[in-house]
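Single-letter residue listing:
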Amino acid sequence: MKKSLLFLVGVLLCLQTQFAAAQSRAVTGKVTDAGGSGLPGVSVTVKSSTNGAVTDGNGVYSVNVPSDKNALVFSYIGYVSQEVVIGSKSQINISLVEDATALSEVVVVGYGTQKKSQMTGAISQVTAKQITEMPLTSLGQALQGRAAGVDVSQSGSKPGSAPRILIRGRRSFNAGNDPLYVVDGIPLSAGYEDINPNDIQSMEVLKDATATAIYGARGANGVILVTTKRGANKGKTTVTFDTYAGASNAYSKLDLFSGAEFAEYVREAYRATNLYKDAAGNAVPTGKSDPAADAKIAVLGGDPKVAAGLAAGNNTQYQDLILRTGMMQNHTVGIQGGNDRTSFYISAGFFQDKGITKGLDFTRNSLRANIDHQVNKRLKVGMSTYMMYSVRNGENLNPYGNTLNANPLGSAYNADGSLVFEPTNDALLSNPLSEIVDGVNIDNTKKYRIFNSIYAEVKILDGLTYKLNLGPDFTQQRWGRFIGSETNARRRGDAQAFNENRFGFNMTMENILNYSKTFGKHTLNVTGVQSIQKDNFERYRTDVQGIPAQAQSFHSLNSATSVLGVQSSLTEWTINSFMGRVNYSFNDKYLLTATMRRDGSSRFGENTKYGNFPGVAVGWNITNEDFMKNVTFIDMLKLRAGWGKVGNQGVNPYQTQGLLARTTYAFGATGAFGFRPGTISNPDLRWESSSNANIGLDFSVYRGRVQGSLEFYETNTKSLLLNDFLPGDIGFNFFSNNVGHTRNKGIELGVTTVNVNSKNGFKWTTDFQFTKNKEEIVSLYNGKVDDLGNRWFIGYPLNTYFDWKKEGIWQTSEADLAKSFGSEVGQIKVQDTNGDGKITADDRTLIGNDVPKWAGGLTNRFEFKGFDLSFFLFGRFGTTILSGFHRNQLQLAGRYQQIKVDYWTPENPTNEFPRPKSNQEFPVYNSTLFYYDGSFIKLRNVNFGYTFSKGIAKKIGAESIRLYSSIQQPKIWSTYLSKYNGVDPEAAITTSATGTTEVTSGVTPSTTVTTFGLNIKF
């Protein structure tokens, strides 16, 4: 690959040289600011060329200009770029004007936009440039490490899986912690993963309550605003083509026992129980094997198939047989244009990810049309339509996990190359490769979605506008599952299948009034919103058994011999909202934002459907004060402070009502169905409410060479939606209630620096993001009392690990002490926490939690004469993970394949892992082996590209051409991965409703993806 890249670079340089002019002349001059002082570090480039220079400490420059070039471009951070015609001049002196656009740049804030200089809330922005820096499969990946306070983690490596996104930690146990996604002004009810990342212009993350209060009951977990690309009104149509393709491979695999190591591990398990004896009844010592002793063990010589494999020296590693090289490709064509009245953006996209395991893949086809039209001077209309069709295979399959228990001494194939369905006589394990035979194990989901954002905007008076937003969102999904006879689940029994259809329709309608006025030094903006959103979701499912022919799959359920079940449901909910917001600025120095939203949700109790959610924030542009005029190295300094209250409506519809449950009755010899009370109603159940205080500082120094934001925040969430427990003798164990209190507080820092901007055209910039969040439970339903059953502890995060603590392994010299604790040599030694000389439940202690002490991202970009190189590092530190692999692939009972670990034997007295024992299903206190340091650093992406000069691009009629190569996740630094034979500590993360983190056993391995891409603009 390195040779290919060097060859590509050489070819490009040759092409560049071929089109360079043969003659040149020198042009010199001086660049000054408005006061006449020389500006050092100004970039002076020859237009349509890579030639250039940088001014020295006095602002003086000298540049060689080819004879066929006639203009110089002067650019400097914090100043307006200028283009000067050279003509016959040999000396050009210019004065640059400070650029105020950095402060006047607008940011989407929800129901409108604001200048950066007038923002008072905590808002992070990710631009289109950052989004296109690396190949993306979903918008969630673009946020990782690029927005402080936003924790993005992979939810698995299966094609089509979407990352988990948390903003400033978890707040809720049962009501969900996912942020609200708003696309082109319309809140989403379905997932964000359907969106084509290439269509995104920018993403704004609203983090504090003063920013999210405008979304009231749904703003507790933060809001992500997605703005898609719009047309242009310059009368010119541009066409862009973005494409990449590449290969994916497993970054790492679990290191399992080889055939010989597995046999020795099994023998050791039987030695430990004094069952590994030769024909004379003598114990066979560690390191020795005996055919007669092997023959007495069912998983070794006692199984003829395994005995043959043992004699043949089999080492069947099913991981290697089931994994493959995957393929990823993405192609998007965009057309953008318009005139003074109509603008449009149209795109078509195709994305495909064929996973590293056969049967796992994801394909997405998308089509977008964004149109805006100025009907007359008062009326403007427009719409955004997005159509998507996706096919996902294997979402609920786990073929890789089946390889981890399979006996390596068995044979996967017959002599003729056909699969052996039962490589051993183990009744619970068939050949893992049989799970990926074509047609035998199908999990197929087809999804159709049409998402629209339609608006009409009327200018009523000067500064006063009315806007109507409509957002119909259609989703249809079909999930089909077929489990053939020759699978491990059916083991040659009758095939099973089901077909599930889901239909969703969500409609949003918003009426928005906006008034903006500037009078003297005062600027006022008032926004009023009335909104209603309705959701309708239907689900139908039929399960059958006895499909007569495998080719019928799940498409002919009527031919099955029996129906296992029929299900259907209808779920509806509505939210009605009113919002008012006032933004006031005096002399662009003193800023005020006040917001009030009132939401009513059908999900809540009859007495508490409505809630009020206020927010207020102030800002001070310190640099606009008179006393700052002489502080020239500070470009911008703004102090912000705010407080707000937002809600969480994340309970299931009808949860507040007393629901019925079906039961059975017997009338004599006749059975009948009836209904009984299933839940206790709570008409007073209301929103979870989160109050948030935020202090922020925005800064820019040395003409933008260093700029960023610093945030301090605290969020208190009360009236949690929890189960309040009841005495069991009344017929119910619990009911839904508003009890409990959680808190998050932390610090965020985001900094962008221009490290080098040299006269030879070399530029180096860095983006750094730092997040530190402390999550804790303040109280529960019994006040400040721990809940040991749910492992909820006052003062600790929502997911805290509470267990015995491993101190090591009992050694031979500790035989008597081990016996006094009810254990034996070679087994796990746990901490006697309370010192009472015995191990009981009271000795459990806090092991750790899944909240990182801090996380950060670092992006470096380098540019030099058309070449660009960037790499992105992301890390999470100080977190504990629960390893499902060390729970399910570390039973050490001498039956199943295991993770290769350093287990204890009399000749190997390690303190890492206990001695295998054949008479126990798993080691006593084996849960102490599940917890590991989850800290890691990832080299997430390396991207190298070359942008051809405009002269070369014009040869094929293009404005710009860029070739690039990208490597995603080439390196992971993690002790869990390298020292303890684990997997990627991030890619395997799964979450339950409470956000519980676990490295799930059998998850598809994390991948390294190498791609080559092309960006062309015509």
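Worth saying up front: this structure is predicted, and the values here are computed from it rather than measured.

(A) Structural context of the overall build of the protein. Each helix and strand in the protein was counted, giving 14 helices and 50 strands. Since a compact globule built from 1018 residues should have a radius of gyration of about 31 Å, the 33 Å found for the protein is in line with a globular shape. Taking the principal axes of the C-alpha coordinates as reference, the protein spans close to 105 × 75 × 65 Å. Burial analysis of the protein (1018 residues in total) assigns 51% to the buried set. Taking all contacts inside the protein whose residues are at least 6 apart in sequence as the whole, residues at least 24 apart take part in 68%. Summed over all atoms, the accessible surface of the protein reaches about 43,400 Å², with 55% contributed by carbon and sulfur. For the protein, the separation between the mean place of its 103 positive charges and that of its 88 negative charges on side chains is 7 Å.

(B) View of the sheet that holds strand 5 (residues 71–75). The strand order 3-2-5-6 describes an open sheet built from four strands, whose pairing is antiparallel. A strand with exactly one partner marks an edge of an open sheet, and here the two such strands are strand 3 (52–54) and strand 6 (82–85). The sheet shows a mean angle of 20 degrees between the axes of neighbouring strands, taken without regard to direction. Note that strand 5 and strand 6 share four bridges and pair antiparallel. Paired with leucine 72 across the strands is valine 84, a residue of strand 6.

(C) Spatial organisation of the packing of aromatic side chains. Taken as a whole, this structure holds 32 aromatic pairs when the rule is applied. Relative to tryptophan 792, the ring of phenylalanine 173 lies with its centre 4.2 Å away and its plane at 45 degrees, an arrangement referred to as tilted. A residue pair is termed long-range when its members are at least 10 positions apart, and phenylalanine 173 in the loop between strand 12 (164–167) and strand 13 (180–183) and tryptophan 792 in the loop between strand 37 (762–779) and strand 38 (800–803) qualify at 619 residues. Here phenylalanine 173 matches tryptophan 792 in class, with each residue buried. Ring geometry for tryptophan 764 versus phenylalanine 862: centroids 5.6 Å apart, planes at 20 degrees, classification stacked. In this pair, tryptophan 764 sits in strand 37 while phenylalanine 862 sits in strand 42 (residues 854–864), placing the two residues 98 residues apart along the sequence. Joined through ring pairs, the aromatic side chains of Phe257, Phe262, Tyr265 and Tyr903 make up one cluster. Over the face of the ring belonging to tyrosine 713 we find arginine 168, whose NZ or CZ atom lies 4.0 Å from the ring centre. The cationic tip of lysine 467 hangs over the ring face of tyrosine 455; the distance from NZ or CZ to the ring centre is 4.8 Å.

(D) Expanded view of the environment of asparagine 911. For asparagine 911, the location among the structural elements is in the loop between helix 12 (885–888) and strand 45 (931–933). Classification of asparagine 911 by relative accessible area gives partly exposed; the value is 41%. When the C-alpha positions of asparagine 911 and valine 526 are compared, they lie 67 Å apart, and in sequence the two are 385 residues distant. Among all residues touching asparagine 911, those that are not within four sequence positions of it are Lys806, Gly808, Ile809 and Gln811. Side-chain polar atoms of asparagine 911 contact the backbone nitrogen of isoleucine 809, separated by 2.9 Å. In terms of polar contacts, asparagine 911 uses its side chain to reach the side chain of glutamine 811, at 3.3 Å.

(E) Representation of the side chain of serine 390. With respect to the element layout, serine 390 can be found in strand 21 (residues 379–393). Its relative accessible area of 6% is what places serine 390 among the buried residues. Filtering out sequence-adjacent residues up to four positions away, serine 390 remains in contact with Phe362, Thr363, Arg364, Thr445, Lys446 and Lys447.

(F) Highlighting the confidence of the model for the protein. Taken as a whole, the protein shows an average pLDDT of 87; of its residues, 94% reach a score of 70 or greater. Ranking the helices and strands of the protein by mean pLDDT puts strand 40 (residues 828–830) first, with 96, and helix 1 (residues 2–18) last, with 43.

(G) Structural detail: the pattern of salt bridges. Overall, the coordinates contain 45 salt bridges when judged by the stated rule. One salt bridge in this structure joins arginine 271 and glutamate 268, with 2.9 Å as the shortest N-O distance. Taken together, the residues arginine 271 and glutamate 268, both in helix 6 (residues 259–271) and three residues apart, mark about one turn of the helix. Exposure class is identical for arginine 271 and glutamate 268. Each is buried. Several salt bridges share partner residues, and in doing so they unite Glu264, Arg267, Glu268, Arg271, Asp294 and Arg915 into one network.

(H) Seen up close, helix 6. A rise of 1.5 Å per residue sets the reference length of helix 6, with its 13 residues, at 18 Å; its end C-alpha atoms lie 18 Å apart and thus fit the reference within 8%. In terms of burial, helix 6 is largely enclosed, as eleven of its 13 residues are buried. Of all the residues in helix 6, the buried ones are Gly259, Phe262, Ala263, Glu264, Tyr265, Val266, Arg267, Glu268, Ala269, Tyr270 and Arg271. Buried-residue contacts for helix 6 involve helix 7 (291–295) and helix 8 (304–312).

(I) Expanded view of the sheet that holds strand 16 (residues 223–228). Strand order in the open sheet formed by five strands is 10-15-16-13-14, with mixed pairing between adjacent strands. A single partner strand is all that each edge strand has here, and the edge strands are strand 10 (123–127) and strand 14 (186–187).

(J) Structural detail: the nonpolar core. In terms of nonpolar packing, the biggest core is built from 53 residues, with Leu254, Val266 and Phe885 touching the most fellow members. The biggest single contributor to this core is helix 6, with six residues. In this structure, leucine 254 is in contact with Gln319, Tyr400, Leu404, Phe885, Ile899, Asn981, Gly982 and Val983, ignoring residues within four places of it in sequence. Judged by nonpolar contacts, the second largest core, of 28 residues, contains Ala142, Ala147, Tyr192 and Phe936.

(K) Representation of helix 8 in the model. Measuring from the side-chain oxygen of the N-cap residue of helix 8 to the backbone nitrogen of lysine 305 gives 3.0 Å; that N-cap residue is aspartate 303. Following helix 8 by one or two positions, glycine 313 has its phi on the positive side, about 75 degrees.

(L) Fine view of the environment of isoleucine 680. For isoleucine 680, the position within the fold is in the loop between strand 31 (670–677) and strand 32 (688–701). Under the relative-accessibility criterion, isoleucine 680 is labelled partly exposed at 28%. Separated by 20 residues in the primary sequence, isoleucine 680 and leucine 660 place their C-alpha atoms 9.6 Å from one another. Ignoring any residue separated from it by four or fewer positions in sequence, one finds isoleucine 680 in contact with Gln657, Gly658, Leu726, Phe732 and Phe735.

(M) Structural view of the environment of lysine 288. For lysine 288, the position within the fold is in the loop between helix 6 and helix 7. A relative accessible area of 52% places lysine 288 in the exposed class. With 21 residues separating them along the chain, lysine 288 and arginine 267 place their C-alpha atoms 9.0 Å apart.

(N) Representation of unusual backbone geometry within the structure. Located in the positive-phi region is arginine 703, a residue other than glycine, with phi close to 55 degrees. Note that arginine 703 resides in the loop between strand 32 and strand 33 (706–718). Residue leucine 892 is not a glycine yet carries a positive backbone phi of 55 degrees. By the secondary structure assignment, leucine 892 is in the loop between helix 12 and strand 45.

(O) Inspection of a nonpolar patch on the surface at higher detail. A cluster of nonpolar residues, Val333, Ile335, Ile346, Leu367, Met387, Ile450, Phe474 and Phe505, forms a patch on the protein surface that exposes about 590 Å² of accessible area. Examined against the element boundaries, leucine 367 turns out to sit in strand 20 (residues 361–374).

(P) Inspection of the pairing of strand 28 (residues 610–621) at higher detail. Every second residue of strand 28 is oriented toward a common face, the buried set being Gly611, Phe613, Gly615, Ala617, Gly619 and Asn621 and the non-buried set Tyr610, Asn612, Pro614, Val616, Val618 and Trp620. Examined bridge by bridge, strand 27 (residues 590–601) and strand 28 share eleven bridges and lie antiparallel to one another. Looking across to strand 28, one finds that aspartate 599 is bridged to glycine 611.

Basis of the calculations
- Residues numbered from 1 in each chain as written.
- Predicted model: local features only at pLDDT ≥ 70, side-chain atom pairs only at ≥ 80, totals over all residues.
- Heavy atoms only, no water.
- Helix = DSSP H or I, 4+ residues; strand = E, 2+ residues; numbered from the N terminus.
- Rg over C-alpha atoms; globule rule 2.2 N^0.38 Å.
- Buried < 20%, exposed > 50% of the residue type's maximum accessible area, 1.4 Å probe, protein only.
- Contact = heavy atoms within 4.5 Å.
- Areas by Shrake-Rupley, 256 points an atom, 1.4 Å probe, with all protein chains shown as cover.
- Lys, Arg positive; Asp, Glu negative; His and termini not counted.
- Charge placed at Lys NZ, Arg CZ, Asp CG, Glu CD.
- Pairing = 2+ DSSP bridges.
- Axes fitted to C-alpha atoms, helices over the stretch in contact; angles between N-to-C directions.
- Phe/Tyr/Trp six-rings, centres within 6.5 Å; stacked < 30°, edge-to-face > 60°.
- Lys NZ or Arg CZ within 6 Å of the ring centre and 35° of its normal.
- Polar contact = N/O pair within 3.5 Å; in protein donor to acceptor, adjacent residues only side chain to side chain.
- pLDDT = per-residue confidence, 0-100.
- Salt bridge = Lys/Arg side-chain N within 4 Å of Asp/Glu carboxyl O.
- Expected span 1.5 Å × (residues − 1).
- Core = buried A, V, L, I, M, F, W, Y, C linked by side-chain atoms within 4.5 Å.
- Patch = residues over 30% accessible without salt bridge, like charges linked within 9 Å, V, L, I, M, F, W, Y side chains within 5 Å.

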